[in-house]
Amino acid sequence: MSVKEAMETRRSIRKYAQEPIPREDIEEMLRLASLAPSAWNIQPWRFIVVMDPEKKRELHLAANRHPQVKSAPVVIILTSDMEDAIAHIEECIHPDMPEEGKQWLKETIPKVFGAQSAEQRGQWGVAQSNIVLGYLLIAIRSLGYDSSPMYGYNPERIRQLFDLPSHVQIPAIIAIGKRAEEGHSHHRHPLHRIVRYV
Ligand SMILES: Cc1cc2nc3c(=O)[nH]c(=O)nc-3n(C[C@H](O)[C@H](O)[C@H](O)COP(=O)(O)O)c2cc1C
């Protein structure tokens with residue numbers, strides 16, 4: 001499926017076919033999503049793939065009993081961990097960069113983020129992770145699957161359920177599977193409402 005077709009046929013699906021997703025398809029969705037760009041190439045996103053029925057049952061309760069969490073064979077929790085990213089900043093630096101540049105980044109990035117509060121860093125990481133969310137939704141569709149992104153959950157409860165430290169942000173959770181309903185057609189602003197050419 002082309003990127004254009006994936007974008008045009010993606011829609012939020014809240015009822016899924018009761019069939020598992022092969023592990024290699026999940027890996028491919030995540031591999032494609034993780035090609036997303038981020039400032040400083042910092043890639044603060046981390047994914048928790050929830051497949052276990054008992055964990056999914058608990059997540060359903062933590063996620064305002066959204067029916068799609070119960071129905072989907074897989075739910076991904078998108079998290080953002082800036083503290084982990086900064087603690088391993090060398091992982092983000094391109095190996096082809098000259099040594100001098102590498103050294104500058106190793107010193108500068110922790111300094112820039114060290115001047116911020118953990119909360120500010122957390123919000124910055126969420127902004128980056130929203131880019132991977134967009135990529136993920138299109139990647140899922142391009143592989144012939146459907147999804148439903150959600151904000152409606154209790155983040156504290158999810159942190160408890162999945163042993164996440166308090167600084168870890170949860171930008172979204174995403175139900176994934178094959179559609180068992182058609183969903184709604186796109187309802188979007190016309191371009192003249194949102195675009196200004198100058
Ligand atoms: C970040 C994000 C959070 C969302 N949160 C919820 C949610 O908590 N519950 C829900 O039913 N839909 C949620 N949605 C789905 C939106 O309502 C939906 O994307 C929008 O109405 C456009 O419809 P479409 O996805 O079918 O094109 C969310 C979408 C996004 C991108």
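Nothing here was measured: the structure is a model prediction, and the numbers come from that model.

Student: Tell me about the side chain of serine 129, and please be specific about residues and values.
Tutor: Assignment of secondary structure puts serine 129 in helix α7 (residues 118–142). Non-local contacts of serine 129, meaning those with residues more than four positions away in its chain, are made with Pro44, Trp45, Leu78, Thr79, Ser80 and Pro171.

Student: So what's going on with the side chain of glutamine 128? Residues and values would help.
Tutor: Structurally, glutamine 128 can be placed in helix α7. Among all residues touching glutamine 128, those that are not within four sequence positions of it are Ser38, Ala39, Pro44 and Trp45.

Student: Go over the nonpolar core with me, naming the residues and quoting the values.
Tutor: Side chains of a nonpolar character, in soluble globular proteins, are inclined to be buried together. With 21 residues, the main nonpolar core has Leu59, Val69, Ile77, Ile158, Phe162, Ile170 and Ile173 as its most contacted residues. For this core, the element with the most residues is strand β4 (residues 169–177), which contributes 3 residues.

Student: Mind laying out the sheet that holds strand β2 (residues 74–80), listing which residues take part and the relevant values?
Tutor: Taken in spatial order, the 4 strands line up as β1-β2-β4-β3 in an open sheet, and their pairing is antiparallel. Unpaired on one side and paired on the other, β1 (45–50) and β3 (146–150) mark the two borders of the sheet. Along the sheet, successive strands turn relative to each other by an average axial angle of 25°, direction set aside. As judged from the 5 bridges shared by β3 and β4, these two strands associate in the antiparallel manner. Paired with aspartate 146 across the strands is glycine 177, a residue of β4. The strands that helix α2 (residues 23–33) touches are β1, β2 and β4; relative to β1, the one it contacts most, it runs at about 160°.

Basis of the calculations
Residues numbered from 1 in each chain as written. Predicted model: local features only at pLDDT ≥ 70, side-chain atom pairs only at ≥ 80, totals over all residues. Heavy atoms only, no water. Helix = DSSP H or I, 4+ residues; strand = E, 2+ residues; numbered from the N terminus. Contact = heavy atoms within 4.5 Å. Core = buried A, V, L, I, M, F, W, Y, C linked by side-chain atoms within 4.5 Å. Buried < 20%, exposed > 50% of the residue type's maximum accessible area, 1.4 Å probe, protein only. Pairing = 2+ DSSP bridges. Axes fitted to C-alpha atoms, helices over the stretch in contact; angles between N-to-C directions.

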